[in-house]
Amino acid sequence: MTPVVSLKKQRVSKDSAGEGIIFEPYFTRPGEDVFGQIKWTKRSSVIKEPDGTVVFERHDVEFPESWSQLATDIATQKYFRKAGVPAEKGGRKGEEYSVRQLVYRVAHSLRTAGENLGYFSSPEDAANFEADLTHLLVHQKGAFNSPVWFNCGLSHEYGIAGSGGNYYWNAGLGQIRETTDSYSQPQCSACFIQSVEDDLMSLFDLAKNEARLFKYGSGTGTNFSKIRGRQEKLSGGGTSSGLMSFLEVLDKGAGATKSGGTTRRAAKMVCLDMDHPEIVDFINWKVKEERKAGILIQHGGFEADFNGEAYHTVSGQNSNNSVRLTDDFMKAYLEGGQWQTKLRTTGQVCETFEARDLMRQIAEAAWRCADPGVQFDTTINDWHTSANTDRIYASNPCSEYMFLSDSACNLASLNLMKFIDDKGEFLVEDFRRAVRTFIIAQEIAVDFASYPTQVIAQNSHDYRPLGLGYANLGTLLMTNGIPYDSPKALAVAGAITALMTGEAYKVSSEIARTKGPFPGYAKNREPMLKVMNKHRDAAYKIDPILCPAGLLQAARESWDNAVKEGELYGYRNAQSTVLAPTGTIGLLMDCDTTGVEPEFSLVKWKKLAGGGHFKIINQSVTRALKSLGYSDDEAKVIVDYILEKGTIEGAPALKDEHLAVFDCANPCGDGVRFIDPMGHVRMMAAAQPFISGAISKTINMPNDTTVEDVENLYVESWKLGLKAVALYRDGSKHSQPLNTGTNKAEDSRKDEKAIAALPPEEQRGVRVPMPIKRHGFTVETSVSGHKMFIRTGEYGDGRLGEIFIDMYKEGAAYRSLLNCFAIAISIGLQYGVPLEKFVNSFTFTRFEPQGITDHPNIKVCTSILDYIFRILGMEYLGRTDFVHLKPETLESKDQQEDLSQPPARAQSLGAAAAKPAPGKAETVSEHLAELMGDAPLCDQCGHVTVRNGACYKCINCGNSMGCS
């Protein structure tokens, strides 16, 4: 299939006297058929919900044998053009059916656009570029952001209208033009920053432009600090409704728009300066909305699911929120000073606060609901390459792209594991050549693409920001036997990042030599070169003792050349690199880890053709054991132990000094070790000095994290020079994955039918007395040091009929309240109230005492009631969605007594606790529910998602809920 490139041949006037780029092939040979070097296979792509319902299905699609089934599903479901490609132009019933077509469509379109725009010195150079880019894409060594895969190479000539925005750069005329019905160009950028003015029409223009970006698969961020607060007057009289009212409107608009049509949720960032009059309302916005959702879940009977009615009802759920902290604010915080908010209309002081009180509110809000994140405004602008044009006010939704307002950035990421040889050595020259190829491709895409507004199109042309990054850093470190949170890991990560960005700016200067620097360069030469020298200076601060000599030398050489050539020729791009979350494209490249993230788990799930998963050892583990010197027999023993226990802790033959190598973002299986939150911060600090933009990453924090811990983490992040930080405390959301394969609404209807079928004396409203002698069980536990006993009483058929609660050291009043509560629950059970209703109402209630327990299955709880009903739900309902470790054997001592286990309870416990038969894998959702706790379900296939940057991704279908 030959794609039609919508950028028609135009008369191009050279920006300089150069002759174009000379591109010598590196990964391929001239004239080589790249696709012909690959073993291909035909497959089926089937994506199912946990209950087996087919969400998506296509058969007889063609893929390289080396691609996983998950990568196959992502490309087939998300990136193959589904319709509009005529059969005579290579389509099959109007659809793409092979990776050959997909990669060719993208690579050939960019090559042709590059030729039309005068990038290459000859047709041979253009052909070499296309061949190397094709090699990198088809071998999963790199990938563009999703909008390139969605839109690149499609046009009206396919009968596909509107694959992009409304405005584009017309090279022949040398100006921004509006697209027409007969002419369109693709939207290639995933990241946008838009401005808004203190004007009603500007706000609704923003809503329109956001919708256009969401439609074609991109995300956007805006700083709303210009909008007057609710404390201020309107020019025509009356008082303003305030910023927050408009944020709610825009939030609803984003929630109603599926990004990329059916691809993923809209991605949106809302930024606000700390001196805005409504800053306190903004800080606590999501806290209040989360509380509302909790009430609806606990007392209204709504599902505890992010995609359910409870969260749909409240506002603020469709954006990531960030506050902008300046150095002045941070100094006021450290010195115990005051902070003033300012009226937008007059500049007068609105209110005065204690800076420490505001910081505490930020930390407490993040502790409770993960928002707001923080962006350090002074640091961001100190590294700004175009400071003479304007300040940086905002970022894209995941905080990695930070640049001028009304600008766009197209992203791409390199798979670091593809640049490691069998000995674990980093292939420096391969990496350099890959960086060069992608930077040229992304640079071509700037003027090949179209944009939603004229000003964004103009700024994109004038400043040409790019966002090259990488994935699989955590995998690279583990496979080489390097602990993620170690000085050596920080040095290696810093050197790789320095090499990438230094080489990117070197290539940018090379392009500037023939095409000229970006039009805004002359105005910003001084700040640009200042930042380039700061990057180079940072490269010389990397510890040479800890970093491989060849890698560090290459990084420093790249920066020396980037600065030297930049001083001579300038740069073609104001920005070149970011570290994006690489959600969907990370899975497309079969990466085990995304961005700068560590390993997620020591076991992974291999997706099978036709649906389903199989639990296998993470290949990083076996490679790490080999690099650490373990024999094959020793490695097998360790691997078998991990597959059984889920953790490497306690594995025979493993040396204690190697434990840290296998630490992951979360505790694994029966283990308790995980990477400390400050370890994530230190890793970000190692990479940040070598990134043009910032780093998209969410720092995972355990449930028992305190507000003080959050506050300290934010302060340390500022001290270490980070530009932005987002965190997530486990269990801070009321949303909870449903019991795998269970439809709660259907179960509720079954409960009601079952009750109606009971004899009259056993229906609701009629008390069924307990037998004189009854079975039950006793659980002794400690919650944050508070001793507690729970005793149950059962009917003859094993149904729960009563509970007793005793915390005898807590004082008469507290003990009496618990006893009365237990009596009330018991009466309800005896009058026919389903236990399920109580469990749904009281799990995740939050009050003291809360925290760590000594129960083998319920590791932490948010309150005494939360603990009690998790226990009852597990024991009597077979529920495992809210336990931290599913029981493998029956725990109750009364099983060993003379009185036999009641049949009904034994059956329900057996369903929940039965150990899988040998060779039978538990489901991926069950495994992830143990690790992720309160992550939402995928809105495409229903499986549990995992954290990815500031958003979530699904490792069953590849859906990214908010990130590209």
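Keep in mind the model is a prediction, meaning the values are calculated, not measured.

1. Some details on the overall build of the chain
On a plain count of helices and strands, the chain comes out with 29 helices and 31 strands. Of all 964 residues assigned to the chain, the portion counted as buried reaches 62%. Pairs at least 24 apart in sequence give 72% of the contacts found in the chain among residues at least 6 apart. Carbon and sulfur atoms make up 51% of the accessible area of the chain, which amounts to about 35,700 Å² in all.

2. Some points on the pairing of strand β12 (residues 338-342)
Two faces make up the sheet, and in a regular strand the side chains alternate between them. Residues Trp339 and Thr341 line the buried face of β12, whereas the alternating positions Gln338, Gln340 and Lys342 sit on a face that is not buried. Where β12 and strand β13 (residues 349-354) come together, five bridges link them in antiparallel fashion. Looking at β13, one finds that Lys342 is bridged to Val349. Hairpin connection of β12 to β13: six residues between the antiparallel strands, including Gly347 at a positive phi of 80°.

3. Details of a nonpolar patch on the surface
The grouping of Leu200, Met201, Phe204 and Val249 at the surface amounts to a nonpolar patch, some 380 Å² of accessible area in total. Looking at the nonpolar patch, the element that brings in the most residues is helix α5 (residues 200-215), giving three residues. Note on placement: Met201 falls in helix α5.

4. Some words on the sheet that holds strand β26 (residues 800-806)
Taken together, three strands build an open sheet; the order of strands is β24-β25-β26 and the sheet is antiparallel. With one partner strand each, in any of the chains shown, β24 (778-783) and β26 form the two edges of the open sheet. The average angle at which neighbouring strand axes cross in this sheet is 20°, direction not considered. In terms of strand pairing, strand β25 (residues 786-794) meets β26 through six bridges, oriented antiparallel. Bridge pairing in β26 links Thr792 to Ile803. Against the sheet, helix α27 (residues 864-877) engages β24, β25 and β26, with an angle of about 40° to β25.

5. Description of the sheet that holds strand β5 (residues 175-178)
Strand order in the open sheet formed by three strands is β5-β4-β18, and the pairing between neighbours is antiparallel. Strand pairing shows two members of the sheet lacking a second neighbour, β5 and β18 (450-451), which therefore form its edges. Looking at chain direction, strand β4 (residues 167-170) and β5 are connected through four bridges and run antiparallel. Residue pairing across strands places Trp169 opposite Ile176, the latter belonging to β5.

6. A short note on the packing of aromatic side chains
Where two aromatic rings form a pair, the distance of their centres and the angle of their planes describe that pair. Under the criterion given, the structure shown has 23 aromatic pairs. Look at Tyr463 and Phe518: their rings are 5.9 Å apart centre to centre, the planes differ by 40°, and that puts the pair in the tilted class. Linking Tyr463 in helix α14 (residues 454-463) with Phe518 in the loop between α16 (487-515) and α17 (521-539), this pair joins segments that are 55 residues apart in sequence. The two residues Tyr463 and Phe518 agree in class, both being buried. Ring geometry for Tyr521 against Tyr571: centres 6.3 Å apart, planes inclined by 75°, an arrangement best described as edge-to-face. In this pair, Tyr521 is assigned in helix α17 and Tyr571 in the loop between α18 (549-569) and α19 (584-588), connecting sequence segments 50 residues apart. Grouping residues by exposure puts Tyr521 and Tyr571 together as buried. Counting every residue linked through ring pairs, the aromatic cluster contains Tyr401, Phe403, Tyr463, Tyr505, Phe518, Tyr521, Trp559 and Tyr571. One cation-aromatic arrangement involves Arg100 over Trp40; the distance from NZ or CZ to the ring centre is 4.4 Å. It is Arg799 that lies over the ring of Tyr795; its NZ or CZ is 4.5 Å from the centre.

7. Concerning the pattern of salt bridges
Side-chain pairs of opposite charge can arise where the charged atoms are in close proximity. Inspection of the entire model under this criterion finds 43 salt bridges. The closest approach of N and O atoms between Glu503 and Arg432, which form a salt bridge, is 3.5 Å. Separated by 71 residues along the polypeptide, Glu503 in helix α16 and Arg432 in helix α13 (residues 428-448) bring together distant segments of the chain. By relative accessible area, which is 7% here, Glu503 ends up buried. Overall, the relative accessible area of 16% leaves Arg432 in the buried class.

8. A closer look at the packing of helix α2 (residues 99-116) against helix α3 (residues 123-138)
Look at α2 against α3: their axes get within 9 Å of each other, and the N-to-C directions meet at 145°. For the element pair α2 and α3, the recorded crossing hand is right-handed. Counted together, Val99, Val103, Tyr104, Val106, Ala107, His108, Leu110, Arg111 and Glu115 of α2 and Pro123, Ala126, Ala127, Phe129, Glu130, Leu133, Thr134, Leu137 and Val138 of α3 form the full contact between these two elements. Taken together, the residues of the contact of α2 with α3 break down into 13 nonpolar, two polar and three charged.

9. Structural notes on the nonpolar core
Counting residues in each nonpolar core, the largest one holds 195 residues, and the members touching the most others are Leu110, Phe144, Trp149, Phe224, Leu325, Phe426 and Phe431. If you tally residues by element for this core, the top one is α16, at 14 residues. Among all residues touching Leu325, those that are not within four sequence positions of it are Met274, Met330, Met359, Ile362, Val374, Gln375, Phe376, Asp377 and Thr378. Ile803, Val839, Phe842 and Leu865 belong to the second largest nonpolar core, which has 32 residues in total.

10. Let's talk about helix α22 (residues 677-687)
Every α-helix carries 3.6 residues per turn, so stepping three or four residues along brings you back to the same face. Judged by how many residues are buried, α22 sits mostly within the fold: 10 of 11 residues are covered. Within α22, burial applies to Pro677, Met678, Gly679, His680, Val681, Met683, Met684, Ala685, Ala686 and Ala687. Here the buried face of α22 lies against β19 (466-471), α15 (473-479), α16, β22 (698-701), α23 (707-719) and β23 (724-729). For α22, the N-terminal cap is Asp676; the gap from its side-chain oxygen to the backbone nitrogen of Met678 is 3.0 Å.

11. Details of the environment of Phe821
Among the structural elements, Phe821 can be located in helix α25 (residues 812-830). It is 9.8 Å that separates the C-alpha atoms of Phe821 and Leu865, two residues lying 44 residues apart in sequence. With near-sequence residues (within four places) excluded, Phe821 lies in contact with Ile805, Phe842, Leu865 and Phe869.

12. Brief notes about unusual backbone geometry
A cis amide bond links Asp371 with the next residue in sequence, Pro372, at an omega value of 5°. Position of Pro372 among the secondary structure elements: in the loop between α11 (355-369) and β14 (373-376). Note the cis peptide between Glu848 and Pro849, where omega equals -5°. Tracing the chain through its elements places Pro849 in the loop between α26 (835-842) and β27 (851-852).

13. Structural notes on helix α6 (residues 243-255)
Under the 1.5 Å per step criterion, the end-to-end length of α6 is 18 Å for 13 residues, consistent within 8% with the ideal 18 Å. Buried residues of α6: Leu243, Met244, Phe246, Leu247, Leu250, Asp251 and Ala254, and no others. In a view along the axis of α6, the buried residues occupy a sector of 155°, so they form one face of it. Elements in contact with the buried residues of α6: α5, β10 (268-273), α7 (279-283) and α8 (285-299).

14. Some points on the confidence of the model for the chain
Per-residue pLDDT for the chain has a mean of 84; in total, 83% of the residues score no lower than 70. Across residues 1-17 the pLDDT falls below 50, and counting only partners more than four positions away or on other chains, this stretch makes 67 contacts in the model. This stretch, residues 889-921, has a pLDDT under 50; its non-local contacts, to residues over four places away or in other chains, come to 52 contacts.

15. A word on the packing of α5 against α6
A pair of packed helices is characterised by two quantities: the angle between their axes and the separation of those axes. Running from N to C, α5 and α6 cross one another at 20°; their axes reach a closest spacing of 10 Å. With respect to α6, the element α5 is oriented roughly parallel. Between α5 and α6 the crossing geometry is right-handed. For the pair formed by α5 and α6, the contact residues are Leu200, Leu203, Phe204, Leu206, Ala207, Glu210 and Phe214 on the first element and Phe246, Val249, Leu250 and Ala254 on the second. For the contact of α5 with α6, the per-class residue count stands at 10 nonpolar, no polar and one charged.

Quick notes on the rules
- Residues numbered from 1 in each chain as written.
- Predicted model: local features only at pLDDT ≥ 70, side-chain atom pairs only at ≥ 80, totals over all residues.
- Heavy atoms only, no water.
- Helix = DSSP H or I, 4+ residues; strand = E, 2+ residues; numbered from the N terminus.
- Buried < 20%, exposed > 50% of the residue type's maximum accessible area, 1.4 Å probe, protein only.
- Contact = heavy atoms within 4.5 Å.
- Areas by Shrake-Rupley, 256 points an atom, 1.4 Å probe, with all protein chains shown as cover.
- Pairing = 2+ DSSP bridges.
- Patch = residues over 30% accessible without salt bridge, like charges linked within 9 Å, V, L, I, M, F, W, Y side chains within 5 Å.
- Salt bridge = Lys/Arg side-chain N within 4 Å of Asp/Glu carboxyl O.
- Axes fitted to C-alpha atoms, helices over the stretch in contact; angles between N-to-C directions.
- Phe/Tyr/Trp six-rings, centres within 6.5 Å; stacked < 30°, edge-to-face > 60°.
- Lys NZ or Arg CZ within 6 Å of the ring centre and 35° of its normal.
- Left-handed = near helix turned anticlockwise from the far one by under 90°.
- Nonpolar A, V, L, I, M, F, W, Y, C, P; charged D, E, K, R; others polar.
- Core = buried A, V, L, I, M, F, W, Y, C linked by side-chain atoms within 4.5 Å.
- Polar contact = N/O pair within 3.5 Å; in protein donor to acceptor, adjacent residues only side chain to side chain.
- Expected span 1.5 Å × (residues − 1).
- Arc of directions from axis to C-beta.
- pLDDT = per-residue confidence, 0-100.
- Parallel < 35°, antiparallel > 145°, perpendicular 65-115°, else oblique.

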